[in-house]
Amino acid sequence: HYPLRRQRQMCIRDSSSTMYNPTHFAISDTDELHRIIRTHALGMLVTPLADGGLDANHLPFHFDPQRGPLGTLTGHVARANPLWQQCVHGADVLVVFRGAEGYISPNWYPTKHETHRLVPTWNYEVVHIHGRLTVHDDEKFLRGVVGRLTRTHEAQEPRPWKMSDSAPDFIDGMLKAIVGIEIEVTRMEGKSKLSQNRALQDRHGAVDALGNRGDAELAEAMQKTIRSDEDR
């Protein structure tokens, strides 16, 4: 066995690593990956630092699956944020999108009361986007990014806000305060850990408990995996 220090060094240096993702949790459906990105648009952008460390920023992204072989993410950061100056053109980055998630009590599993050999867990959906980052410091790009983001997230409003609702000089000033980023997706992986490894009655028990607690999103995500398995 490697000494602990050696193990840590290997972990840090392995840039080709991927998240732990057993086959029964892996998301193979591209449409499902895209759904999680679109419905949970706040991504955690992880970028390398010159000293070998890592930085993380939490940003809303617009995803266009038609741009590039695997799609493209666009967004923006505050000009005061050093991210856009620290990252070199074409830097490899990771963006994490987290979908439905929540605590699962063993008390919700009927078999727990029979065997008393179950423990708590945490269920979740997550998508990891690997890609190459480009910085765009031009008004045309920024107007496009802001326009797409606002059209997407204002769509459900009775009177959607748009940039033309504000005075042009105000919008011009706001655009000067941000910098655009674009990420060409090179690899995409998803994980849906939703008790697929448990007995069917336990999964139904957890869905019922989540519904009673008002956690409709996680309950529906689990219910979808149950329907999928029952249809096979």
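Everything below is about the structure printed above this text.
Rules behind the numbers
Residues numbered from 1 in each chain as written. Predicted model: local features only at pLDDT ≥ 70, side-chain atom pairs only at ≥ 80, totals over all residues. Heavy atoms only, no water. Helix = DSSP H or I, 4+ residues; strand = E, 2+ residues; numbered from the N terminus. Buried < 20%, exposed > 50% of the residue type's maximum accessible area, 1.4 Å probe, protein only. Contact = heavy atoms within 4.5 Å. Areas by Shrake-Rupley, 256 points an atom, 1.4 Å probe, with all protein chains shown as cover. Lys, Arg positive; Asp, Glu negative; His and termini not counted. Charge placed at Lys NZ, Arg CZ, Asp CG, Glu CD. Pairing = 2+ DSSP bridges. Core = buried A, V, L, I, M, F, W, Y, C linked by side-chain atoms within 4.5 Å. Phe/Tyr/Trp six-rings, centres within 6.5 Å; stacked < 30°, edge-to-face > 60°. Lys NZ or Arg CZ within 6 Å of the ring centre and 35° of its normal.

A.B. asks: How should I be thinking about the overall build of the protein chain in this particular structure?
C.D. replies: The helix and strand tally for the protein chain stands at 8 helices and 8 strands. For the protein chain, the spread of C-alpha atoms along the three principal axes comes to 65 × 55 × 30 Å. The burial tally for the protein chain puts 42% of its 232 residues in the buried class. For the protein chain, restricting intrachain contacts to residue pairs at least 6 apart in sequence, the fraction spanning at least 24 positions comes to 74%. Accessible surface, the protein chain as shown: approximately 13900 Å² in total, 53% of it carbon and sulfur. The protein chain carries 28 positive and 30 negative side-chain charges, and their two centres are separated by 5 Å.

A.B. asks: I'm lost on the pairing of strand β5 (residues 72-78) in this one. Help?
C.D. replies: Remember that side chains alternate between the two faces of the sheet whenever the strand is regular. When you tally the buried positions in β5, you get 5 out of 7 residues, the bulk of the element. Where strand β4 (residues 62-64) meets β5, 3 bridges bridge the pair, whose relative direction is antiparallel. When the bridges of β5 are listed, H62 appears paired with T74. Sheet topology places β5 next to strand β8 (residues 178-193); 7 bridges connect them, and they run antiparallel.

A.B. asks: I'm lost on the nonpolar core in this one. Help?
C.D. replies: Burial of nonpolar side chains together is a common tendency in soluble globular proteins. Within the largest apolar cluster, 24 residues are counted, with the highest numbers of intra-cluster contacts made by L45, F61, L73 and I129. Only α2 (30-39), β5, α3 (83-86), β6 (91-104), β7 (121-136) and β8 provide two or more residues apiece to this core. When residues in this core are grouped by element, the largest group, 5 residues, is from β8. Apart from the residues within four sequence positions on either side, L45 is in contact with D55, A56, N57, L59, F61, L83, V93, L94, V95, L133, I181 and I183. A206, V207, L210 and A221 belong to the second-largest nonpolar core, a separate cluster that totals 15 residues.

A.B. asks: Would you mind going over the packing of aromatic side chains with me for this structure?
C.D. replies: Any aromatic ring pair is given by two values, namely how distant the centres are and how the planes are angled relative to each other. In this structure the tally under the stated criterion is 2 aromatic pairs. Measuring from ring centre to ring centre gives 6.0 Å for F61 and F97, while their planes differ by 75°; the resulting arrangement is edge-to-face. Within this pair, whereas F61 is found in the loop between β3 (54-60) and β4, its partner F97 is found in strand β6, the two being separated by 36 residues in sequence. We note that F61, like F97, is buried. Taking 6.1 Å as the distance between ring centres and 70° as the angle between the ring planes, the aromatic pair formed by Y103 and W122 counts as edge-to-face. Taken together, the positions of Y103 in strand β6 and W122 in strand β7 put the pair 19 residues apart, joining distant regions of the chain. Sitting over the ring of Y109, R198 keeps its end group 5.6 Å from the ring centre.

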